[in-house]
Amino acid sequence: MTAKGNLPHSFVNSMVDVFLNEEEKAQTLSVCNVLNEQDLLPLHEAHILGKLSGQIGMLKGQLKLRKNALKLLEPESAGLLYKILFIAFFREYNIGYRFNSAVDFDWLQEEVGYVLHTLQQYADQWIDPAAHTEQWLHPMVLEQVEEAVSGFSYMTVDSVIERTFIVPFEKWGLLEVERIKEGYFDKIQRIRKTPLFDAFIRFES
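Below is a summary of the structure that appears in this document.

Reading the values: the criteria
Residues numbered from 1 in each chain as written. Predicted model: local features only at pLDDT ≥ 70, side-chain atom pairs only at ≥ 80, totals over all residues. Heavy atoms only, no water. Salt bridge = Lys/Arg side-chain N within 4 Å of Asp/Glu carboxyl O. Buried < 20%, exposed > 50% of the residue type's maximum accessible area, 1.4 Å probe, protein only. Phe/Tyr/Trp six-rings, centres within 6.5 Å; stacked < 30°, edge-to-face > 60°. Helix = DSSP H or I, 4+ residues; strand = E, 2+ residues; numbered from the N terminus.

Focus on the pattern of salt bridges
- According to the stated counting rule, one finds eight salt bridges in the structure shown.
- Among the salt bridges present, the one from Glu170 reaches Arg179, with a minimum N-O distance of 2.7 Å.
- Since its relative accessible area comes to 24%, Glu170 is described here as partly exposed.
- What you see here is one network of salt bridges that share partners, running through Asp124, Lys193 and Asp198.

And the structure:
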């Protein structure tokens, strides 16, 4: 590790092809002459999540897997490792960190169970997530989000839900997401659960 506690440049460079596709790689290298850990955001997030979940730690200036983490690398432990990292991501990590938003919605992550339950009810088939805005959050929480975004023309309740839940669920393999091109940006058109969702998420009455 560097003196500031970051991953060294040599390691960051060796991970570019692991974490980025060709388009992402070209875009990143076009603006960064020297890659720091923070420039390779997926790696940086993996580093943070490894620490938050207790799977890695520092020993004499080096990053080390903890003993319990070594056992989780066995194929039969893949489900448990997924569960540990998933819980750390939504309970300990600030999902808004990557967006550098004027409003911090880290408190909204506490509603992950409510949102997952809503998805379980509505997302068996393809749905337009914008048509279910009022169902994603508890009415009192929805009111808080509406109040928080009211002063920003570029921010809506739908965009907050998308960033905090839909995109992360997609990256965790729980949602399939289809997008359409609107100008320079991609807009989510519809979503549905993946088989992993029902295999991993269960609610008991």
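And the narrative resumes.
A few points about the packing of aromatic side chains
- If you walk through the whole model with that rule in mind, you get 14 aromatic pairs.
- The interplanar angle of 85° and the centroid separation of 5.3 Å between the aromatic rings of Tyr82 and Trp172 together place this pair among those described as edge-to-face. You can see Tyr82 sitting in helix α6 (residues 78-91) and its partner Trp172 sitting in the loop between α10 (157-171) and β3 (175-182), a full 90 residues away along the chain.
- Considering the side-chain rings of Phe89 and Phe90, the 5.0 Å spacing of their centres and the 80° angle between planes classify their relative orientation as edge-to-face.

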